[in-house]
Amino acid sequence: MKYKPLTEKQIIISIDRLTRFKPTEEKYLRVFKDIIVSNLIEPKFKKTDLEDLEYTYIRDIATEIFNNSLKEDNTNNLSINCRLKDYENETFNNNSEVNKLLENRLDYISAIKLLNEDIPPNLKWLKCLKNSLDIVKQREEKKLLFPISCVVIVEGITEEILLPQFSKILNYDFDKYGIKVLPAGGKNQVVKLYYSLSETLKLPIFIMLDKDANENVKLINSKLRFQDKTYLLNSGEFEDLLPHSLILKTINSDLKNFATITTSDINKQEPMVKILEEVFKEKGIHEFKKAEFATLVKAQIESIDDISDEIKYIINNIKLLTEIPNKSLI
């Protein structure tokens, strides 16, 4: 077998993808196949050729290439591998075939030496797996997000940006308690994502939808697991839950060199997104974009006064969902 070694960048990308929040089979097969297709010279495989190969064969080829690309050999210490296997099986319903992928000898001990401090939470968590006996305690102390304890499915990016910040002000840090927010990209996609996750994920799922998603909630509730919960907003979209004082503070802070707005500009019987689109147009501001506006709002959230009662209620329900006892294996 002939192959070229992985670059440091490829190694880091590989361990990053292996520890993200994705179904186990999906992410392990992707990483192992990418290593084989990109670096195996002889025999040469296309991705389609790998579909018929046994998981153990794919695992072992990828592992050999990965380990021989590192300058050190720490394959005598597989403590990280064991903890990752336990975590993946605690998080997802994995069959015996998927466990063959998890029973690898990847040299994580050597690979994590390539990591610097500017890395995503999953890689910070991976580094902690080397020594920490109580990884949940480490997550709480270092706000690592991993191990994930609960998933929150939302429609869009506004909720993804703002929910964790609101929760932090309420002294319930999502990164500390392992709350993963997943934006689905619309109410129909929320249903698809829930159906997909509920088949494999062992963790509780909180599903939040806009007010107009009654039919989608019914579809989800027809397959709702006992540990999961749906929540339909009382009014419109998530932007409609933002206190007017917070919206005014955000816009006036952003526009201080151009214009100002008052309560009368936004106190109308229309959806807040529509109001904001009109305000941005009338004031000659750049085009209103949800993600950009949510980022500006996030910077202005300073105290509990910036949080509406409904947002407090939502976060409290997420908190209650995570208090279901969960035995940790890692």
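Bear in mind that the values here come from a model prediction, so they are computed numbers and not experimental data.

A.B. asks: Just give me the short version of the overall build of the protein chain, but keep the residues and values in it.
C.D. replies: Counting its regular elements, the protein chain contains 17 helices and six strands. Here the C-alpha coordinates of the protein chain stretch approximately 70 × 45 × 40 Å along the principal axes. Here the contacts in the protein chain between residues at least 6 apart in sequence split such that 72% fall between residues at least 24 apart. Averaging the locations of the 49 positively and 52 negatively charged side chains of the protein chain gives two centres separated by 3 Å.

A.B. asks: Pulling in residues and values, what's your account of the packing of helix α2 (residues 24-39) against helix α3 (residues 55-68)?
C.D. replies: The contact between α2 and α3 brings their axes to 9 Å, and the two run at 60 degrees. Regarding the angle of α2 to α3, the classification is oblique. Viewed along their axes, α2 and α3 form a crossing whose handedness is left-handed. Counting all contacts with α2, which are made through Glu25, Leu29, Phe32, Lys33, Ile35, Ile36 and Asn39, the residues of α3 involved are Tyr55, Ile58, Arg59, Ile61, Ala62, Ile65 and Phe66. A breakdown of the residues in the contact of α2 with α3 according to their chemical character gives ten nonpolar, one polar and three charged.

A.B. asks: Any details on the packing of aromatic side chains? Residues and values, ideally.
C.D. replies: Enumeration according to the criterion identifies twelve aromatic pairs in this entry. Taken together, a centroid distance of 6.2 Å and an interplanar angle of 80 degrees make the contact between Phe280 and Phe293 edge-to-face. Residue Phe280 is found in helix α15 (residues 272-282), and its partner Phe293 is found in helix α16 (residues 290-300); the two are separated by 13 residues along the sequence. For the pair Phe280 and Phe293, a shared accessibility class is recorded, and that class is buried. Put simply, the rings of Tyr87, Trp125 and Phe146 touch in pairs and so form one group of aromatic residues. Above the face of the Tyr195 ring, Lys223 is positioned so that its terminal group lies 4.4 Å from the ring centre.

A.B. asks: Can you lay out the pairing of strand β5 (residues 205-209) for me, pointing to particular residues and giving the numbers?
C.D. replies: Buried residues dominate β5, accounting for five of its five residues. Burial of β5 is two-sided: the residues Ile205, Ile207 and Leu209 facing one way and the residues Phe206 and Met208 facing the other way are all buried. Pairing of strand β3 (residues 150-154) with β5 involves three bridges; the strand directions are parallel. Counterpart to Val152 in the pairing with β5 is Phe206. Across four bridges, the pairing between β5 and strand β6 (residues 229-232) is parallel.

A.B. asks: For the packing of helix α13 (residues 244-254) against α16, give the residues involved together with the corresponding values.
C.D. replies: Between α13 and α16, whose axes approach to 9 Å, the crossing angle comes to 105 degrees. With respect to each other, α13 and α16 are oriented roughly perpendicular. Together, Leu246, Ile247, Lys249, Thr250, Ile251, Ser253 and Asp254 of α13 and Phe293, Leu296, Val297 and Gln300 of α16 make up the contact between the two elements.

A.B. asks: Now, about helix α4 (residues 79-91): what can you tell me, with residues and values included?
C.D. replies: The first and last C-alpha atoms of α4 sit 18 Å apart over 13 residues, in line with the 18 Å expected at 1.5 Å per residue. Within α4 the residues assigned to the buried category are Ile80, Asn81, Arg83, Leu84, Tyr87, Glu88, Asn89, Glu90 and Thr91.

A.B. asks: I'd like a rundown of the pattern of salt bridges, residues and numbers included.
C.D. replies: Oppositely charged side chains can pair when the atoms bearing their charge come close. All chains considered together, the criterion is met by 20 salt bridges. For Asp173, the salt bridge identified is with Lys143, shortest N-O distance 3.7 Å. Of this pair, Asp173 sits in the loop between α9 (157-169) and α10 (174-177) while Lys143 sits in the loop between α8 (135-142) and β3, placing them 30 residues apart in sequence. Taking the relative accessible area as the measure of exposure, Asp173 reaches 9% and is therefore buried. Using a relative accessible area of 44% as the deciding quantity, one classes Lys143 as partly exposed. Via salt bridges that share partners, Arg17, Arg30, Asp34 and Lys47 belong to a single interconnected network.

A.B. asks: Which residues make up the environment of Val273, and what values go with them?
C.D. replies: The topology assignment puts Val273 in helix α15. Its relative accessible area of 8% is what places Val273 among the buried residues. Note: C-alpha distance between Val273 and Ile304 (31 residues apart in sequence) is 23 Å. When sequence neighbours within four positions are dropped, the list of residues in contact with Val273 reads Glu237, Glu239, Phe288 and Lys290.

A.B. asks: Describe the sheet that holds β5, with residues and values.
C.D. replies: Here four strands make up an open sheet; going across it, the order is β4-β3-β5-β6 and the pairing parallel. Each edge of the sheet is formed by a strand with only one pairing partner; in this case those strands are β4 (179-183) and β6. Pairwise comparison of adjacent strand axes, ignoring direction, gives a mean angle of 20 degrees for this sheet. In the sheet, β3 pairs with β4 via five bridges, with the strands oriented parallel. Each bridged residue has a counterpart across the sheet, and for Ile153 the counterpart in β4 is Leu182. Contacts from helix α12 (residues 214-221) reach β5 and β6 within the one sheet, and its direction differs from that of β6 by about 175 degrees.

A.B. asks: Outline α3, supporting the account with residue identities and numerical values.
C.D. replies: With 14 residues, α3 extends 20 Å from end C-alpha to end C-alpha; this agrees with the ideal 20 Å at 1.5 Å per step. Among all positions of α3, only Tyr55, Ile58, Arg59, Ile61, Ala62, Thr63, Ile65, Phe66 and Asn67 are buried. Contact partners of the buried residues in α3: β1 (2-3), α1 (8-18), α2, β2 (40-42), α5 (96-102) and α6 (108-111).

Reading the values: the criteria
- Residues numbered from 1 in each chain as written.
- Predicted model: local features only at pLDDT ≥ 70, side-chain atom pairs only at ≥ 80, totals over all residues.
- Heavy atoms only, no water.
- Helix = DSSP H or I, 4+ residues; strand = E, 2+ residues; numbered from the N terminus.
- Contact = heavy atoms within 4.5 Å.
- Lys, Arg positive; Asp, Glu negative; His and termini not counted.
- Charge placed at Lys NZ, Arg CZ, Asp CG, Glu CD.
- Axes fitted to C-alpha atoms, helices over the stretch in contact; angles between N-to-C directions.
- Parallel < 35°, antiparallel > 145°, perpendicular 65-115°, else oblique.
- Left-handed = near helix turned anticlockwise from the far one by under 90°.
- Nonpolar A, V, L, I, M, F, W, Y, C, P; charged D, E, K, R; others polar.
- Phe/Tyr/Trp six-rings, centres within 6.5 Å; stacked < 30°, edge-to-face > 60°.
- Buried < 20%, exposed > 50% of the residue type's maximum accessible area, 1.4 Å probe, protein only.
- Lys NZ or Arg CZ within 6 Å of the ring centre and 35° of its normal.
- Pairing = 2+ DSSP bridges.
- Expected span 1.5 Å × (residues − 1).
- Salt bridge = Lys/Arg side-chain N within 4 Å of Asp/Glu carboxyl O.

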